[in-house]
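Working through the structure, step by step
In case you want the letters, here they are:
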Amino acid sequence: MIRVLVVDDQALLRGSFRVLVDSEPDLTVVGEAGTGAEAVDIALEVRPDVVLMDVRMPEMDGIEATRRIGMASRVLIVTMFDLDAYVYDALRAGASGFLLKDTPPADLLAGIRVVAQGEALLAPTVTRRLIGEFARTPATPAIRGLDGVTEREREVLTLIARGLSNAEISVHLQLSLATVKTHISRLLAKLEARDRAQLVIAAYEGGLVCPAR
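A brief look at the structure comes next. Since this is a predicted model, take the numbers as computed values, not measurements. (Residues numbered from 1 in each chain as written. Predicted model: local features only at pLDDT ≥ 70, side-chain atom pairs only at ≥ 80, totals over all residues. Heavy atoms only, no water.)

Focus on the overall build of the protein chain
Summing up its helical and strand segments, the protein chain has 10 helices and five strands in all. Counting the 213 residues in the protein chain, one finds 48% classified as buried. A separation of at least 24 residues holds for 66% of the contacts in the protein chain among residues at least 6 apart in sequence. For the protein chain, the exposed surface amounts to about 10,000 Å²; the carbon and sulfur share of it is 53%. (Helix = DSSP H or I, 4+ residues; strand = E, 2+ residues; numbered from the N terminus. Buried < 20%, exposed > 50% of the residue type's maximum accessible area, 1.4 Å probe, protein only. Contact = heavy atoms within 4.5 Å. Areas by Shrake-Rupley, 256 points an atom, 1.4 Å probe, with all protein chains shown as cover.)

Set out below in structure tokens:
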């Protein structure tokens, strides 16, 4: 059972998300919060698997709340604001994914499951915005440097940042899928990254991949 915390300052939306999530046999809502501060308190106490996090809220916004929740839970940002800065800031704060509130219900439910499994939810449009933000913003590394990363791990990291799946990396580097997964596990540990989203950030901030201009 995947345990979900719903965070939004609009009670009607929180209720809608609760009904949607609770309609699935493998998902359950374990709490609701109307502010970022409440979200942090509940997340640190209840430790949900996934937090559905709004961005604009009173007292504390969803970006800061995501940062304070840290490794306690995985955060899926759900907002109506499709702005570059939100994508960039949310992922740097530790979010594992980013969806808009007009996302179809089935895609939202699938996103919760993806994030709960430890993967990053980076839709192509969101990835393009993230890359565009790197092109405009001077690098200020938020993740440990690449000094301890081997040459092969750098190759894997570069391909992750270019959007390749594990299977595609396996074919590209002529490695077994198990070996690719091992390299990714080591990268996550060495870079102290939570998931694939933060590996993408590490690749860009480490200079392995340059945004297209």
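Next, the rest of the story.
Quick word on the pattern of salt bridges
Taken as a whole and assessed by the stated rule, the structure comprises 11 salt bridges. One connected set of salt bridges, linked through shared partners, spans Arg14, Arg18, Asp22 and Glu32. (Salt bridge = Lys/Arg side-chain N within 4 Å of Asp/Glu carboxyl O.)

Section: the side chain of serine 73
Mapping serine 73 onto the fold places it in the loop between helix H3 (62–69) and strand S4 (74–79). Judged by its relative accessible area of 4%, serine 73 is buried. Reaching out from serine 73, the side chain makes a polar contact with the backbone oxygen of proline 48 at a distance of 2.7 Å. (Polar contact = N/O pair within 3.5 Å; in protein donor to acceptor, adjacent residues only side chain to side chain.)

What about unusual backbone geometry?
Positive phi values are uncommon outside glycine, yet glutamate 59 reaches one of about 75°. Structurally, glutamate 59 is set in the loop between strand S3 (50–53) and H3. For glutamate 59, a relative accessible area of 69% translates into the label exposed. For glutamate 192, which is not glycine, the phi dihedral falls at a positive 50°.

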